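# Geometric and topological summary
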Amino acid sequence: MTIPFIDLKLQYLALKASVDARIHRVLDHGQYIMGPEVRELEEQLEVYTGARHCITVASGTEALLISLMSLGIKPGDEIITTPFTFVATAEVIVLLGAVPVFVDIEPDTCNINASLIEAAITPKTRAIMPVSLYGQPADMDEINAIVARHGNITVIEDAAQSFGAQYKGRKSCNLSTIGCTSFFPSKPLGCYGDGGAIFTNDDALAQAMREIRVHGQERRYVHTRVGVGGRMDTIQCAIVLAKLERFDWEIEQRLKIGARYNELLAGKVQAVTQYHDRTSVFAQYTVFIENRERLQEVLKQAGIPTAVHYPVPLNEQPAYRHLCCPDCTPISQQRARQVMSLPMSADLQEVEQDFIVNALCEASKR
Ligand SMILES: Cc1ncc(COP(=O)(O)O)c(C=O)c1O
């Protein structure tokens, strides 16, 4: 049996009629940039998340960058975040000349450890960027409460992996002042290229973000601020609109498949913990194991692909390690050696899952 890590082909086949029709509509009207599907998608995502404003952008990375720009982040400002994430989270901070301040993670969820944040705040702290890793929101209420005690610090949820997840009954992306997501193809809600979105309930920030997305343009050829070319293509918006048609079903499937992995692996292989007050959309289903390379090879031989998110914490990466000593975040160091993600998609079949779990349990006994 050969199992795909994520089956985007099956998903396309299930949605082919809608995706094709949506793409053809764009080809017919020809408004490839800022066509009507852009606002249509934003409106649907505003309803979905409950956020007042959705601003689609060129990628998840661009969403984070534009968010920081809308806050006027400048050289020397400090942004607290996690080192156990995809590089984009810290990259955008450094691009603006600001400084990422890395705070260690919780060992069970791999999300930023909110109880360590307060000690990292200085007069230069301007924002906190928790990442809702693997699709499970970080402890957002705790983080919002810390900010409320300090003033002039904004919380930006990096929800690139968690669109569709819930935290205490509220939707990820609408859990703090700003939420950013990615529509990278393999994300829980993906397009067929690059795309992303920013969410906020703040009217002034939303206006700034809309302008920054189009070169800081307030109206045609009037540039009141410095911006970027950060729009999401109309065709990509049309594809996400088609994908929304079965998104609720996909989320239900992901929750079921994640819960079934938990049951089948219980007592055998340790996995990332899911808290009861929130859901994970399982952008990744991740376990903690020793001898990772050997296990990956055994599973590969059995036709089971695996992935590692992430093998090196950002404060050990050559471009970032001067910013914070790796030994300051020992849990990230430890988890980076142990994490391994298993195949996960809404179309994963029970027989495939049984096969994966049996192979993993057998291999980890050896
Ligand atoms: C946590 C996190 N932040 C940011 C990004 C960047 O998103 P994009 O690839 O759409 O630029 C990703 C995507 O992999 C991510 O996983």
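Residues numbered from 1 in each chain as written. Predicted model: local features only at pLDDT ≥ 70, side-chain atom pairs only at ≥ 80, totals over all residues. Heavy atoms only, no water.

## Quick word on the site of the ligand
Around the ligand, a shell composed of 17 residues is seen, among which Gly 60, Thr 61, Asp 158, Ser 182 and Lys 187 lie nearest. At 2.9 Å from an oxygen atom of the ligand is found a side-chain nitrogen or oxygen belonging to Gln 161. In this structure, an oxygen atom belonging to the ligand sits 2.7 Å away from a side-chain N or O atom of Ser 182. Contact with the protein chains removes 92% of the 390 Å² of surface that the ligand exposes when unbound. Judged by the proximity of its atoms to the pocket grid, the ligand belongs to the largest pocket. Those elements that provide at least two residues to the shell around the ligand are α3 (60-70) and α4 (88-95). (Near = heavy atom within 4 Å. Polar contact = N/O pair within 3.5 Å; in protein donor to acceptor, adjacent residues only side chain to side chain. Areas by Shrake-Rupley, 256 points an atom, 1.4 Å probe, with all protein chains shown as cover. 1 Å grid on protein atoms, 1.4 Å probe; cavity = no way out; pocket = protein on both sides within 12 Å on 5 of 7 lines; lining within 4 Å. Sits in = over half its atoms within 2 Å of the grid points. Helix = DSSP H or I, 4+ residues; strand = E, 2+ residues; numbered from the N terminus.)

## Observations concerning unusual backbone geometry
Along the chain, His 309 connects to Tyr 310 via a cis peptide bond; the corresponding omega equals 10°. The topology assignment puts Tyr 310 in the loop between α9 (292-301) and α10 (330-338). Phi angles above zero are rare outside glycine, and Tyr 221 is one such case at about 60°. Counting through the fold element by element, Tyr 221 comes out in the loop between β10 (217-219) and β11 (222-223). By relative accessible area, which is 63% here, Tyr 221 ends up exposed. A positive phi angle is found at Asn 291, which is not glycine, with a value near 50°. Tracing the backbone shows Asn 291 in the loop between β13 (285-288) and α9. Classification of Asn 291 by relative accessible area gives exposed; the value is 54%. (Buried < 20%, exposed > 50% of the residue type's maximum accessible area, 1.4 Å probe, protein only.)

## Remarks on the pairing of strand β4 (residues 125-129)
Looking along a regular strand, one sees the side chains alternate between the two faces of the sheet. Counting buried positions along β4 gives five out of five residues, so the element sits mostly inside the fold. Pairing analysis gives four bridges linking strand β2 (residues 78-81) to β4, with the strands arranged parallel. Within β4, the residue paired with Thr 81 across the bridge is Met 129. Here β4 pairs with strand β5 (residues 154-158) via two bridges, running parallel. Bridge pairing in β5 links Ile 128 to Val 155. Taking the sense of rotation as the criterion, the β-α-β connection linking β4, helix α5 (residues 140-150) and β5 turns out right-handed. (Pairing = 2+ DSSP bridges. Right-handed = clockwise from strand over helix to strand, strands pointing away.)

## A look at the side chain of Ser 182
Residue placement: Ser 182 occurs in strand β8 (residues 178-182). When its relative accessible area of 9% is taken as the criterion, Ser 182 is described as buried. Within the structure, the side chain of Ser 182 is placed 3.0 Å from the backbone nitrogen of Phe 184, a separation counted as a polar contact. With near-sequence residues (within four places) excluded, Ser 182 lies in contact with Gly 60, Ala 160, Lys 187, Leu 189, Gly 195 and Gly 196. (Contact = heavy atoms within 4.5 Å.)

## Details of the sheet that holds β4
Across a sheet, paired strands are connected by hydrogen bonds in the backbone, their directions being either parallel or antiparallel. Overall, mixed pairing links the seven strands, which are arranged β1-β9-β8-β5-β4-β2-β3 in an open sheet. Since the sheet does not close on itself, it has two edges, and those belong to β1 (53-57) and β3 (99-102), each with one partner. In this sheet, neighbouring strand axes are inclined to one another by 25° on average, regardless of whether the strands run parallel or antiparallel. As judged from the five bridges shared by β1 and strand β9 (residues 196-200), these two strands associate in the antiparallel manner. Note that in β9 the partner of His 53 across the bridge is Thr 200. Sheet strands in contact with helix α6 (residues 203-213) are β1, β8 and β9, and its direction is about 15° off that of β1. (Axes fitted to C-alpha atoms, helices over the stretch in contact; angles between N-to-C directions.)

## Points about the sheet that holds β13
Here three strands make up an open sheet; going across it, the order is β12-β13-β14 and the pairing antiparallel. Looking along the sheet, the strands with just one partner apiece sit at the ends: β12 (270-271) and β14 (339-342). As paired strands, β13 and β14 are joined by four bridges and run antiparallel to one another. Pairing of Thr 286 across the sheet is with Ser 341, part of β14.

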